[in-house]
Amino acid sequence: QVQLVESGGGLVQAGGSLRLSCAATIRTRSPFGNYGLGWFRQAPGKEREFVAAISSSGRSTDYADSVKGRFTISRDNTKNTIYLQMNSLEPEDTAVYYCAYSESYYGSVSTYGYWGQGTQVTVSS
C-alpha cells in the first residue's frame with residue numbers, strides 16, 4: 001500500500017548540510033484524511049527516535065527538540081516526495097535516517113506503520 005525510498009545520505013563535516021529525500025508511493029487513502037510522513041533516525045546503540053513530520057497537506061510540521069532550528073521538513077506534491085534539509089549538522093546527528101508513513105498526522109509515533117530502507121548520515125568532527 002505504501003512504499004518509501006530514502007536517498008541523500010552521506011558523510012559531512014560538522015557544521016555542514018545534507019538534504020535527504022523520500023519518494024513516496026501511497027496506494028491507499030487515509031481514513032482520517034490527513035496522513036503524515038515523518039523522518040526518524042537510529043544512532044548506534046540508541047533507540048529509534050522521531051525527527052520531524054509533515055502532514056499530507058504540507059501545512060503542518062513537527063520537529064524533535066534536538067533538531068529545531070537546524071532541520072526543515074518539506075514536501076513537493078508534484079513529485080510525491082518529502083525532504084529533510086539538515087543544516088548545522090553535529091556528530092550527534094550521525095544515524096540511519098528513515099522515512100515513515102502514518103495514516104494520521106495527528107497519531108502517535110507508534111502509528112507509523114510503513115518504513116523505508118533508511119539512508120546513512122555520518123557527521124564527522
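The notes below deal with the structure included here.

The rules behind these values
Residues numbered from 1 in each chain as written. Predicted model: local features only at pLDDT ≥ 70, side-chain atom pairs only at ≥ 80, totals over all residues. Heavy atoms only, no water. Pairing = 2+ DSSP bridges. Helix = DSSP H or I, 4+ residues; strand = E, 2+ residues; numbered from the N terminus. Core = buried A, V, L, I, M, F, W, Y, C linked by side-chain atoms within 4.5 Å. Buried < 20%, exposed > 50% of the residue type's maximum accessible area, 1.4 Å probe, protein only. Phe/Tyr/Trp six-rings, centres within 6.5 Å; stacked < 30°, edge-to-face > 60°. Lys NZ or Arg CZ within 6 Å of the ring centre and 35° of its normal. Salt bridge = Lys/Arg side-chain N within 4 Å of Asp/Glu carboxyl O. Axes fitted to C-alpha atoms, helices over the stretch in contact; angles between N-to-C directions. Contact = heavy atoms within 4.5 Å. Polar contact = N/O pair within 3.5 Å; in protein donor to acceptor, adjacent residues only side chain to side chain.

## Examining the pairing of strand 3 (residues 18–26)
Thought 1: Two elements, strand 1 (residues 2–7) and strand 3, share 6 bridges in a ladder whose sense is antiparallel. Note that in strand 3 the partner of Gln 3 across the bridge is Thr 25.
Thought 2: With 6 bridges connecting them, strand 3 and strand 8 (residues 81–86) associate as antiparallel partners. Each residue of the ladder has a partner; that of Ser 21, found in strand 8, is Tyr 83.

## Quick look at the nonpolar core
Thought 1: Grouped together as the largest cluster of nonpolar side chains are 35 residues, with contacts concentrated most on Trp 39, Leu 84 and Tyr 97.
Thought 2: Looking at this core, the elements that each hand over two or more residues are strand 1, strand 3, strand 4 (36–42), strand 5 (49–55), strand 7 (71–76), strand 8, strand 9 (95–102) and strand 11 (119–124).

## Digging into unusual backbone geometry
Thought 1: For Ser 88, which is not glycine, the phi torsion reads 50° and is therefore positive.
Thought 2: Residue position: Ser 88 is located in the loop between strand 8 and strand 9.
Thought 3: On the basis of relative accessible area, Ser 88 is assigned to the partly exposed category, the value being 41%.

## Overview of the packing of aromatic side chains
Thought 1: Taken as a whole and judged by the stated rule, the model has 6 aromatic pairs.
Thought 2: An aromatic cluster is present here, built from Phe 40, Phe 50, Tyr 112 and Trp 115 joined pairwise through their rings.
Thought 3: The ring of Trp 115 carries the charged tip of Arg 48 above its face, separated from the ring centre by 4.7 Å.

## Here's the deal with the pattern of salt bridges
Thought 1: Going through the model one piece at a time under the given rule, you end up with 4 salt bridges.
Thought 2: The partner of Arg 41 in a salt bridge is Glu 49, and the shortest N-O contact between them spans 2.7 Å.
Thought 3: The exposure class assigned to Arg 41 is buried, which follows from its relative accessible area of 5%.
Thought 4: Overall, the relative accessible area of 28% leaves Glu 49 in the partly exposed class.
Thought 5: Close ionic contact of Asp 93 with Arg 41 constitutes a salt bridge, the shortest N to O distance being 2.9 Å. In this pair, Asp 93 sits in the loop between strand 8 and strand 9 while Arg 41 sits in strand 4, placing the two residues 52 residues apart along the sequence.
Thought 6: Each of the salt bridges in this network shares a partner with another, and the network as a whole consists of Arg 41, Glu 49, Arg 70 and Asp 93.

## Here's the deal with the sheet that holds strand 1
Thought 1: Taking strand neighbours across the sheet as the criterion, the 4 strands line up as 1-3-8-7 in an open arrangement whose pairing is antiparallel. Every other strand in the sheet has two partners, leaving strand 1 and strand 7 as the edge strands with one partner each. Mean inter-strand twist for the sheet, computed between neighbouring axes without regard to direction, equals 20°.

## Topic: the environment of Gln 42
Thought 1: Tracing the chain through its elements places Gln 42 in strand 4.
Thought 2: Put simply, Gln 42 and Tyr 98 are 56 residues apart on the chain and 8.2 Å apart in space, counted from C-alpha to C-alpha.
Thought 3: With near-sequence residues (within four places) excluded, Gln 42 lies in contact with Glu 47, Arg 48, Ala 95, Val 96 and Tyr 98.
Thought 4: Reaching out from Gln 42, the side chain makes a polar contact with the backbone oxygen of Lys 46 at a distance of 3.2 Å.

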